[in-house]
Amino acid sequence: MALTDYQAADHAGRMDPVAQPGKRVMQYHIVVGESTPQAGGMCRHMDMLAEGLADEFHQVHVWSPSATNLGCESANVDIHKTLGNLSPRYLRHTGRMLNAFPLPRRLLVYWVPHAYGYNSMNLAFCLWLWFRSAWRKDRVELMVQECFLSFTRRSWRQSAVAVVHRVMTMVVLRAADQVWLALSGYEGRLKPFALGRRVSFGWLPVPSTVEVVHDPARVSKIRADMAPKGFLIGHFGTFGWPIADLLENIVPPLLRGTDAAMVLLGTGGAEFRERLLVRHPDLAPRLYATGYLDDTALSCFLSACDVMVQPYPDGLTARRSSALAPMAHGRPVVTNASPITEPLWRESGAVVFAPATGAGFLNAVRSLRLNPAEYQRVSAAASETYGDYFEPAQMVKIIRGDAPPVHA
């Protein structure tokens, strides 16, 4: 629920009315930026974290810009849209409101440079965090979803922004006591910018944003409509470059080499199908596209698929929510690896790796279809691995300190 400034000040010192006797109540202050394409599922992740912490009888306050829409429904989550447009004036105002809350104040900052305005170069926000840590004694914890832009010869503007991003990184690492990483590999990229300061780094697996819905009747209808031969292949994504380029080389041999049907799930799927059929019109009877789906419908389509094919230009990583969503539904995922792919995936056997070619994916899908025992093993490993590492409850336990940081 959103509070006015006066309500927020009144609420600052109150104990949560639903807290159990003898249960220690802690306050969490989640700082979130603007919802942008680069920020991915930021708002949904923050909803999960806030509601998960609130479910454990903690007080949770979310501080956001005025344009950011969060869907928290818990009565124990207070939303303060005081960051406005993230200018220094709004930062000072939010700081005064934070000062009304008692120490210790724990600030969980969802860090994506693009989410804090000013063309992703909001150095003032970084300095504000440093001030909160150094002078107001707040404990600042970064939850890093993205590090910084890369340098490129193709665009001097991007390279200029990349320089500013690295300065911003040095400042926020100066402010942070703890850095939570969406990818464990980020530690090597970030650590040099701590400039020798001792900062604790830990992996915080990010969950799928698609909740599993159990609707057997709807799932059966999807399969009956799309997969008369009894086998349905799926792909979930946004069909942007360069994944679309990989799919163009994988989908035709995959369908021609089997009697299966395939469904393209997500925004951009219909346009991708049309482009593909211009070159391969014979695929039309067995290639479907749904376009945008709400979470309930998407969950049912994921459950209806027998296998998901998810190629990535940089290989599978723990940040690929388009692979995590099928795993949460117990769907075997055929994908490809790269040097940045975490050892977790091979050690758990939760996915099937194949060369990112049409023949590679075709052979992997055929193998799963012809080997029911292996199919069941991969399906079970996908569900188990998701539950052990990526369930929202696991994220909440790590933040609360009730579970040790995990290793990828």
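Only a predicted model underlies this, so the values are computations on that prediction, with no experimental measurement involved.

Quick look at the overall build of the protein now. When you go through the protein residue by residue, the secondary structure sums to 15 helices and 13 strands. Here the C-alpha radius of gyration of the protein, 23 Å, is about what a compact globule of 408 residues would show, namely 22 Å. Overall, the protein is about 65 × 55 × 35 Å in size when its C-alpha atoms are taken along their principal axes. Sorting the 408 residues of the protein into buried and exposed places 54% on the buried side. When the accessible surface of the protein is totalled, it reaches about 18,200 Å², and 55% of it is carbon and sulfur.

Let us now look at the packing of aromatic side chains. Tallied over the entire structure, the rule returns 12 aromatic pairs. Residues phenylalanine 125 and tryptophan 128 carry aromatic rings whose centres are separated by 5.8 Å and whose planes lie at 35° to one another, so their mutual orientation is tilted. With a gap of 3 residues between them, phenylalanine 125 and tryptophan 128 both fall in helix α4 (residues 123-134), about one helical turn apart. There is no split in this pair, since phenylalanine 125 and tryptophan 128 are both buried. Ring-pair connections join several aromatic residues into one group, and the members of that group are Trp203, Trp345, Tyr386, Tyr389 and Phe390. Over the aromatic face of tyrosine 90 sits the side chain of arginine 89, whose NZ or CZ is 4.5 Å from the ring centroid. Of note, arginine 166 hangs over the ring of phenylalanine 148, and the distance from its end group to the ring centre comes to 4.2 Å.

Before going further, it helps to spend a moment on the pairing of strand β1 (residues 27-31). For β1, the tally of buried residues reaches 5 of 5 residues, placing the bulk of the element in the interior. What you see with β1 is no split at all: Gln27, His29 and Val31 on one side and Tyr28 and Ile30 on the other are buried throughout. In this sheet, strand β2 (residues 59-63) lies alongside β1 in parallel orientation, the contact comprising 5 bridges. By the bridge assignment, isoleucine 30 is partnered in β2 with valine 62. Bridge count between β1 and strand β4 (residues 106-111): 4 bridges; the pairing is parallel. Pairing of isoleucine 30 across the sheet is with leucine 108, part of β4.

This paragraph deals with empty space enclosed by the protein. It is a probe the size of a water molecule, rolled over the atoms, that shows where empty space is left. Applying the stated criterion across every chain yields a total of 1 cavity of 30 Å³ or more. Taken as a whole, the largest cavity holds about 100 Å³ of empty space. As for the largest cavity, its lining consists of His45, Met46, Tyr110, Met143, Val144, Gln145, Trp180, Leu181, Ala182, Leu204, Val206 and Met395. In terms of residue class, the lining of the largest cavity is built from 10 nonpolar, 2 polar and no charged.

A few words now on the side chain of threonine 68. Following the sequence through the fold, threonine 68 ends up in the loop between β2 and β3 (77-80). Taking relative accessible area as the criterion, threonine 68 reaches 1% and is therefore assigned buried. One polar contact links the side chain of threonine 68 to the main-chain carbonyl oxygen of glycine 33, over a distance of 2.9 Å.

What follows is about the environment of alanine 50. Mapped onto the elements, alanine 50 comes out in helix α2 (residues 42-55). On the accessibility criterion, alanine 50 (0% relative accessible area) is buried. Distance in space between the C-alpha atoms of alanine 50 and histidine 61 is 8.0 Å, their sequence separation being 11 residues. Excluding its chain neighbours within four sequence positions, the residues that come into contact with alanine 50 are Ile30, Val60, Val62, Cys72 and Val77.

Attention now moves to the sheet that holds β2. One open sheet accounts for 7 strands, arranged β3-β2-β1-β4-β5-β6-β7; its pairing is parallel. On the outer flanks of this sheet lie β3 and β7 (200-203), each paired with one strand and no other. Ignoring strand direction, the axes of neighbouring strands in this sheet form an average angle of 20°. Here α4 sits on the sheet and contacts β1, β4 and β5 (139-144); the angle it forms with β4, its principal contact strand, is near 160°.

Here we come to the sheet that holds strand β12 (residues 333-335). The pairing of strands in a sheet happens through backbone hydrogen bonds and is either parallel or antiparallel. Strand order in the open sheet formed by 6 strands is β10-β9-β8-β11-β12-β13, with parallel pairing between adjacent strands. Strands with a single pairing partner mark the edges of an open sheet, and in this sheet they are β10 (287-291) and β13 (352-353).

Right, let's talk about a nonpolar patch on the surface for a bit. Side chains of Leu123, Leu127, Trp130, Phe151, Val163, Val167, Met170 and Leu195 sit close together on the surface and give an oily, nonpolar patch of about 690 Å² of accessible area. At the level of elements, α4 and α5 (156-175) are the ones that each hand at least two residues to the nonpolar patch. Considering the arrangement of structural elements, one finds leucine 127 in helix α4.

In this chain, leucine 103 is followed by proline 104 through a cis amide linkage whose omega measures 0°. Between tryptophan 241 and the following residue, proline 242, the backbone shows a cis peptide bond with an omega angle of 10°. Unlike most non-glycine residues, asparagine 119 shows phi in positive territory, near 55°. Mapping asparagine 119 onto the fold places it in the loop between β4 and α4. Within the chain, lysine 137 stands out as a residue other than glycine whose phi angle is a positive 65°. Structurally, lysine 137 is set in the loop between α4 and β5.

All right, on to the packing of helix α8 (residues 243-256) against helix α13 (residues 358-370) then. Two numbers describe how α8 lies on α13: the axes approach to 8 Å, and their chain directions differ by 45°. With respect to each other, α8 and α13 are oriented oblique. The crossing of α8 and α13 is right-handed. Here Asn249, Ile250, Pro253 and Leu254 of α8 lie close against α13, whose contacting residues are Gly358, Phe361, Leu362 and Val365. Of the residues belonging to the contact of α8 with α13, the class tally is 6 nonpolar, 2 polar and no charged.

Cut-offs applied
- Residues numbered from 1 in each chain as written.
- Predicted model: local features only at pLDDT ≥ 70, side-chain atom pairs only at ≥ 80, totals over all residues.
- Heavy atoms only, no water.
- Helix = DSSP H or I, 4+ residues; strand = E, 2+ residues; numbered from the N terminus.
- Rg over C-alpha atoms; globule rule 2.2 N^0.38 Å.
- Buried < 20%, exposed > 50% of the residue type's maximum accessible area, 1.4 Å probe, protein only.
- Areas by Shrake-Rupley, 256 points an atom, 1.4 Å probe, with all protein chains shown as cover.
- Phe/Tyr/Trp six-rings, centres within 6.5 Å; stacked < 30°, edge-to-face > 60°.
- Lys NZ or Arg CZ within 6 Å of the ring centre and 35° of its normal.
- Pairing = 2+ DSSP bridges.
- 1 Å grid on protein atoms, 1.4 Å probe; cavity = no way out; pocket = protein on both sides within 12 Å on 5 of 7 lines; lining within 4 Å.
- Points joined across faces, edges and corners; volume = space filled by probe spheres on them.
- Nonpolar A, V, L, I, M, F, W, Y, C, P; charged D, E, K, R; others polar.
- Polar contact = N/O pair within 3.5 Å; in protein donor to acceptor, adjacent residues only side chain to side chain.
- Contact = heavy atoms within 4.5 Å.
- Axes fitted to C-alpha atoms, helices over the stretch in contact; angles between N-to-C directions.
- Patch = residues over 30% accessible without salt bridge, like charges linked within 9 Å, V, L, I, M, F, W, Y side chains within 5 Å.
- Salt bridge = Lys/Arg side-chain N within 4 Å of Asp/Glu carboxyl O.
- Parallel < 35°, antiparallel > 145°, perpendicular 65-115°, else oblique.
- Left-handed = near helix turned anticlockwise from the far one by under 90°.

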